Amino acid sequence: MIRGMLATRSYFRRLGPRAVSAMVLVAAAAPLLPARAEENAKHCGPTFVDIDPTTGDLLILCGKSGTIRRLGSDDGSMKSEAVLGESPFAFDRHPDGARLYVTCRRGQEIRELDAVSLQTLRTFPLRGDPTGVAASADGRRLYVAVHSLDEVAVFDLETGSEIKRLATGNGPEMVRRSPQQQLVYVTNLLPNPVPLDQPPANEITVIDDISANVVERIILENANVGRWIAFSPDGSLAVVAINRPKNLIPMVQVARGWVMTSGFAVMAPGSGHAPVQLLVDLPNQAYADPYGTVFTPDGSKFYLSCAGSDVVMAIDVSAVRRVMEEVEKGRLPRPADDLGLSRRYVVARIPVGANPQALAISLDGRWLYAANRLDDSISVIDTGKDTVVRTLVMGTPAPPDKLSRGERLFHSAARTFHGQFSCTSCHPDEGLDGLQYDLEPDGIGQNLVDNRTMRAIGDTAPFKWRGTNPDITTQCGERTAKWIVRTGWLSTSQVVELASFIRSIAPVVNPFRSPDGAFTDAQLRGKALFERTAANDGKPLPERAQCHFCHSGSVYTDHQAFDVGSRSPTDESGDYDTAHLTNIFESAPYLHDGRAATLEEIWTKYNPEDRHGVSSDWTKQQLNDLVEYLKNL
């Protein structure tokens, strides 16, 4: 059964930069389900907030309604609003201050806006899902993260054309230019591929702003879900929001506060010292899903939003520097696993609204603004007292319906043991984290399973790799309470709401799928191989040796379990659910335990007996063609 997420940077690299630049058509984006689209239209869903340096106004990207708003920073009154592409994610300001560059993730474009009127000046189509963005120091180039392709696209701002692609880590997230160095830093959401018995390794990709080339890849061991990065005003420190999963130990450790910890990585750029990872958790209380980061103008504190816990952390920079010094001198072993260490540097834990993500600070440093994505509000925090002094409501929010209540449950850690994690901790952006887990019901040390995506799974029952859960409600109900969150979990009606939200999650934009649905020549040849009924020598193939027999229907699954020869010594049986193939390009690693790092490895390394389709007679070209076809699905 094919499964997972593929590192796809090789696709555009094979085409070459000139071919990529010429591809102005964007990929076909799967529409949101009607109920989800209707619900989104009612809400702003603030995903990014910044301060206008001229007026002090708040500039808010509304990820759900697809707009940018200018609000008065005192009372939250809306001064103007402009329509953008679908799912605006982040923006950066041109060095001349006159223009903004906004990425629209599902819209597959970058918008150049007039910084005053917020009207669109130019649109740069980009095949894929753009996330973070940063202008070069000289204002001549634009760096845009393309999450689904593990790349940064570099644009010439004079001509508006794309000039090159740079390979990043897995799922580039935010892009920020260092204030003092000629460097651009890119965080990555997911871990780089590692062997099954190794902990995750998250990458920070560093680009030289002069040559526009990658010059360093900083690895954060045991870290995952890299979100925002922020620099101190003098550039001497950088902090990145991270999770620290303990996926190599059994999930029984939930009861010991030891499956998911949350914090940040801090580093001194140019110092030669390795990053130091520190937690914000306490021994009996975790603070899930670190997300946004921002420093005060004087560099004395930085703030970290914990989206799953509805809290913003205030962190003393001097105290962090002292801890870093102790670590570098070897006087503080294993700081990243110390649940009590945060008492030394976290000076306040500030309750805010639902799912705070983006942060911004006023020009004078007096006010911190936290964008509560699922509250349609902005919490205004007095940085002298580290308390919320007022809440700016984004218009007149509609009462929450079943889908929005389910979305809040998905993104909240309030009902897990000690608040360790939310659904999104393991399913960031409603997808997957690329890791494998040892779940207790299957036996400790046995039946390790690869995490599965939450995107577009409504028609793919049954669930779990063994296919033992007949529907999403069963998957999210008592089983989750007993074996995963270790609490009373949810009421029956809440489980229904959560399941309804999960069914509404749409697939991401597929950069390998043509807008008109047409296949390339390679994809057509791959399709023929996928649907073949005879081997290369003309001999008929048994039905179960034909790809399309098991991977059938609109989502490419027959909803049955089969043994395709992937059983490991720790598996109790070899029967596994036929995984659906929708957007398989983005869900590596593959097979039930994630042993195949790429689609190719499914057949080149893990199908020696031709039990997962007859692949022993394939040519290299046939394998390449099949992979191109699968990535298009």
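As the structure is a computational prediction, the values presented were derived from the model and not from experiment. (Residues numbered from 1 in each chain as written. Predicted model: local features only at pLDDT ≥ 70, side-chain atom pairs only at ≥ 80, totals over all residues. Heavy atoms only, no water.)

This structure, assessed with the given rule, holds 1 disulfide. Paired by a disulfide, Cys44 and Cys62 hold their sulfur atoms 2.3 Å apart. With the S-S dihedral at roughly -80°, the linkage between Cys44 and Cys62 falls on the left-handed side. Taken together, the positions of Cys44 in the loop between α3 (34-41) and β1 (46-51) and Cys62 in strand β2 (residues 58-62) put the pair 18 residues apart, joining distant regions of the chain. Taken individually, Cys44 and Cys62 each receive the classification buried, so the pair is uniform in this respect. We note that Cys547 lacks a disulfide partner, and the nearest cysteine sulfur, in Cys550, lies 9.0 Å from it. Its relative accessible area of 17% is what places Cys547 among the buried residues. (Disulfide = S-S within 2.5 Å. Helix = DSSP H or I, 4+ residues; strand = E, 2+ residues; numbered from the N terminus. Buried < 20%, exposed > 50% of the residue type's maximum accessible area, 1.4 Å probe, protein only.)

Right, let's get into the domain arrangement of the protein chain. In terms of domains, the protein chain is made up of domain 1 (15-31 + 510-632) and domain 2 (405-502). Spacing between the C-alpha centres of domain 1 and domain 2 amounts to 26 Å. With 21 residues of domain 1 at the interface, the matching set in domain 2 holds 22 residues. Counting every contact that joins domain 1 to domain 2 gives 2 salt bridges. Asp577 serves as the salt-bridge partner of Arg452, at 3.6 Å between the closest nitrogen and oxygen. The interface formed by domain 1 and domain 2 includes 9 residue pairs in polar contact (both at pLDDT 80 or more). (Domains from an automatic or database assignment. Contact = heavy atoms within 4.5 Å. Salt bridge = Lys/Arg side-chain N within 4 Å of Asp/Glu carboxyl O. Polar contact = N/O pair within 3.5 Å; in protein donor to acceptor, adjacent residues only side chain to side chain.)

What follows deals with the pattern of salt bridges. Evaluated as defined, the whole model comprises 37 salt bridges. Put simply, Arg227 and Glu173 hold a salt bridge, and the shortest N to O gap is 2.9 Å. Placement of the pair is Arg227 in the loop between β16 (213-221) and β17 (229-231) and Glu173 in strand β13 (residues 170-177), with a sequence separation of 54 residues. Judged by its relative accessible area of 6%, Arg227 falls in the buried class. In this structure, Asp593 and Arg595 form a salt bridge, with 2.9 Å as the shortest nitrogen-oxygen distance. An identical accessibility class is assigned to Asp593 and Arg595; each is buried.

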